[in-house]
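Coordinates in review
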Amino acid sequence: MHTVIAIDGPSGAGKSTVAKLLSEKLGIEYIDTGAMYRAAALYLLGAGIDIHDSEALNAALGEMSIDFSDGRTMLNGEDISALIRTPEVTAFASESSALALVREKLVALQRRMGAEKSVVLDGRDIGTNVFPHTKFKYFLTASPEVRARRRADEMEERGEDPDFDEVLAAINKRDLSDMTRELNPLVQAADAVLIVTDDMSAEDAATLIASSVGDELAANVKY
Ligand code: DC
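These lines cover the structure that appears in this document, whether it is placed above or below. (Residues numbered from 1 in each chain as written. Predicted model: local features only at pLDDT ≥ 70, side-chain atom pairs only at ≥ 80, totals over all residues. Heavy atoms only, no water.)

Some points on the packing of helix α7 (residues 144-157) against helix α8 (residues 164-180)
Relative placement of two packed helices is described by the angle separating their axes and the distance separating the axes. Keep this limit in mind: Axis lines are fitted to C-alpha atoms, over the contacting stretch for helices. Their N-to-C directions set the angle, which ranges from 0 to 180 degrees. Only DSSP runs of H or I covering at least 4 residues are called helices, and only runs of E covering at least 2 are called strands; the numbering of each starts at the N terminus. These descriptions rest on fixed angle ranges, namely under 35 degrees for roughly parallel, over 145 for roughly antiparallel, 65 to 115 for roughly perpendicular, and the rest for oblique. Less than a right angle of anticlockwise turn of the near helix away from the far helix marks a crossing as left-handed, whereas a clockwise turn marks it as right-handed. Contact criterion: two residues are considered in contact whenever any of their non-hydrogen atoms come within 4.5 Å of each other. We call Asp, Glu, Lys and Arg charged. Ala, Val, Leu, Ile, Met, Phe, Trp, Tyr, Cys and Pro are nonpolar, and the rest, Gly among them, are polar.
One way to put it is that α7 packs onto α8 with a least axis distance of 9 Å and a crossing angle of 120 degrees. Relative to α8, α7 is oriented oblique. The handedness of the crossing between α7 and α8 comes out as right-handed. Contact residues: α7 offers Pro 144, Glu 145, Arg 147, Ala 148, Arg 149, Arg 151, Ala 152 and Met 155, while α8 offers Phe 164, Val 167, Leu 168, Ile 171, Asn 172, Arg 174 and Asp 175. Its residues placed into classes, the contact of α7 with α8 shows 8 nonpolar, 1 polar and 6 charged.

In structure tokens form, the structure reads like this:
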């Protein structure tokens, strides 16, 4: 028996930090599905594919392999973890992740990863679409201002000089496109536990999830 933990929510809610901490606490693998959509975007940008030409897109996706190795995101065997965090890739990932062919390929890959072993995945549609039958679903969110503050802090840590209002506007724009797209939009699953992280540290959120997963697993042990 293995466990699949789904963590969904908008950008900047703390999902990836919480999911990473949780995977360490539980000793299971972490799959950053946002990094997979970013890697696909980087690949399509680099290959100069017209994403509205479905034949060209399909052929390109067939040549693309995405994997994780020691916490690094690998695209066709190359570590592209840093390259997928640029504003250009971020914006293009939001656009290309709305395409059916891109989603089909990555969702199939995510399901394969979760079929083999216990995993925690974070994303937008894990509890609603990728693993709708898992018992362990969480929806992390925070106000747009708090999320923009966190994004701006991350950018400063990387040596960038972000403008808070621009970061906030980009967050609002991306939320809107992620929530209103036709295919698998960002929405809280009816049976997901809502966790608001405005005043909660990532460590506390991870501890909360780890204890509820632990209780549930213990309750299911048959003697
Ligand atoms: O979480 P992130 O910012 O790294 O995600 C990058 C983009 O990918 C974002 O615009 C939403 C999209 N995404 C998605 O459509 N489905 C997922 N499961 C994860 C991310």
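Considering the pattern of salt bridges
Defined as follows: What makes a salt bridge here is a side-chain nitrogen of Lys or Arg within 4 Å of a carboxyl oxygen of Asp or Glu, nothing more. Residue burial is assigned from relative accessible area. The probe radius is 1.4 Å, only protein chains are included, and a residue is buried under 20% of its type maximum, exposed over 50%, and partly exposed in between.
Summed over the entire model, instances satisfying the criterion amount to 13 salt bridges. The partner of Lys 137 in a salt bridge is Asp 191, and the shortest N-O contact between them spans 3.1 Å. Placement of the pair is Lys 137 in strand β7 (residues 136-141) and Asp 191 in the loop between α8 and β8 (193-196), with a sequence separation of 54 residues. Using a relative accessible area of 5% as the deciding quantity, one classes Lys 137 as buried. Look at Asp 191 and you get partly exposed, because its relative accessible area is 48%. Of the charged contacts in the structure, one is a salt bridge between Arg 151 and Glu 154, with a shortest N-O distance of 3.1 Å. Of this pair, Arg 151 and Glu 154 both sit in helix α7, 3 residues apart, which is roughly one turn of the helix. Relative accessible area serves as the criterion here: at 22%, Arg 151 is assigned to the partly exposed category.

Keep in mind these numbers describe shape, not what the thing actually does.
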